[in-house]
Amino acid sequence: MSGVKTIRVSGDEGDQRLDRWLKKRFPQLTQGAVEKMCRTGQLRVDGGRVKAATRIEAGQEVRIPPLPEAQPAAPAAPRPRIAESDQQMIQRAVLWKDEHIIALNKPPGLPSQGGSGQGSRHVDGLTDALMFGFKDRPKLVHRLDKDTSGLLLLARTDRIARALSEAFRARTTRKIYWAAVAGVPNPRMGTIRFGLVKAPGRGRGGEGEKMIAIHPRDIDKTEGAKRATTDYAVLDALGTRASWCALVPITGRTHQLRAHMAELGHPIVGDGKYGGSGQENLGDGWGAQLGGEISRKLHLHARSLSFDHPITKKRITLTAPLPEHMLRTWQALGWHENDVPDDPFAEAE
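Description of the structure in this document. Keep in mind it's a predicted model, so treat the numbers as computed, not measured. (Residues numbered from 1 in each chain as written. Predicted model: local features only at pLDDT ≥ 70, side-chain atom pairs only at ≥ 80, totals over all residues. Heavy atoms only, no water.)

**Regarding the packing of aromatic side chains**
Pairs of aromatic rings are described using the distance from one ring centre to the other and the angle between the two planes. Counted by the stated rule, this structure contains 4 aromatic pairs. Between the aromatic rings of Trp178 and Trp244, the centroid separation amounts to 5.0 Å while the plane-to-plane angle is 75 degrees, which identifies the pairing as edge-to-face. In this pair, Trp178 is assigned in strand 11 (residues 174-182) and Trp244 in strand 16 (residues 242-249), connecting sequence segments 66 residues apart. When its relative accessible area of 4% is taken as the criterion, Trp178 is described as buried. Measuring from centroid to centroid gives 5.1 Å for Trp330 and Trp335, while their planes differ by 85 degrees, and the two rings are edge-to-face. Grouped by ring-pair contacts, the aromatic residues Trp178, Trp244, Trp330 and Trp335 constitute a single cluster. Directly above the ring of Tyr274 sits Lys210, whose terminal nitrogen or CZ lies 5.3 Å from the centroid. (Phe/Tyr/Trp six-rings, centres within 6.5 Å; stacked < 30°, edge-to-face > 60°. Helix = DSSP H or I, 4+ residues; strand = E, 2+ residues; numbered from the N terminus. Buried < 20%, exposed > 50% of the residue type's maximum accessible area, 1.4 Å probe, protein only. Lys NZ or Arg CZ within 6 Å of the ring centre and 35° of its normal.)

So this is what it looks like as structure tokens:
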């Protein structure tokens, strides 16, 4: 056991969670050990008690109690080889890149990260194919649901990952999603403010996780509920049967857009979890299947993403083409990508 240490956070280590900083320095520590040290007050920052998720800043002093000695590290298991077809698939998904950032147009059906039974076939497991001569694998800075397609950013260095993660937390980024939804929301532009709380129970690996919408007046008295805000705008419609909506998540909760649109009575087309996979939409705004030739896949796409480049400071706006199943739906319904404004909310401001 080593003695008590006081370590000053260096300039390039700031703005990250305490538990992550600690486990980088002391790989022998488990998450449970870090949380116990916080809970018992043995781990302190600038003399004060902290939680494992507390964010530390450069210059702060961290008091670390005696720790178990690090055991010799077992040789790292070789990373599974990526199939040639998957390498080509993920490289084709690259929409834009520079020496700091890679932007993907993530295909629907490809998870952002691994889970139970996923193996290495997820974006994070395919990043060896996205190094393009760099020594480090790029890092995810945010996620999309498995069945949601569209813009996904990866950072090519830890420094850029921290900067982009902070931009997402500070909401200086702007994401606009496109969705086909059952029925036509009324009014045609508005804000949804229902809170969200996890439903009890979950499937193996979390795939059964579902969120329940909570009326704004009940959020504070509902254990575990978090506030969530979504702006929406109807861009086009097919009678009362279906509409093309732009959605902007002001907050970033799990399944936020899907749960919010379902609570509004207009679930996203193809959303069996929130819209009922066996339901047909009869024009009254409920039932996530349109029937006919329309794909039963989820019709939710991260269409555009704007952010301030951490190095150049320029505002970057990227746009991702629709995936094949949504493009077929747009063609079937007579909707055209170029007929709507890039940001319909900007005109309303």
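**Concerning the nonpolar core**
Counting residues in hydrophobic clusters, the biggest one holds 30 residues, and the most contacted among them are Ile90, Leu104, Leu247, Ile268 and Leu300. Counting residues per element, the ones that place at least two in this core are helix 3 (84-92), strand 8 (101-106), strand 10 (149-155), strand 11, strand 15 (230-238), strand 16, helix 5 (256-263) and strand 17 (300-308). Tallying contributions element by element places strand 11 first for this core, with 3 residues. Once residues within four sequence positions are removed from consideration, Leu247 is found in contact with Lys175, Ile176, Tyr177, Ala179, Asp231, Tyr232, Leu257, Met261, Ile268 and Leu300. (Core = buried A, V, L, I, M, F, W, Y, C linked by side-chain atoms within 4.5 Å. Contact = heavy atoms within 4.5 Å.)

**Quick notes on the environment of Val123**
Tracing the sequence through the fold places Val123 in the loop between strand 8 and strand 9 (139-140). Sequence separation of Val123 and Lys139 is 16 residues, and the distance between their C-alpha atoms is 9.7 Å. Contact partners of Val123, with chain neighbours within four places excluded, come to Leu104, Lys106, Leu110, Pro111, Ser112, Leu140, Leu152 and Leu154.

From the geometry alone we can't say anything about function, so treat these as descriptive.
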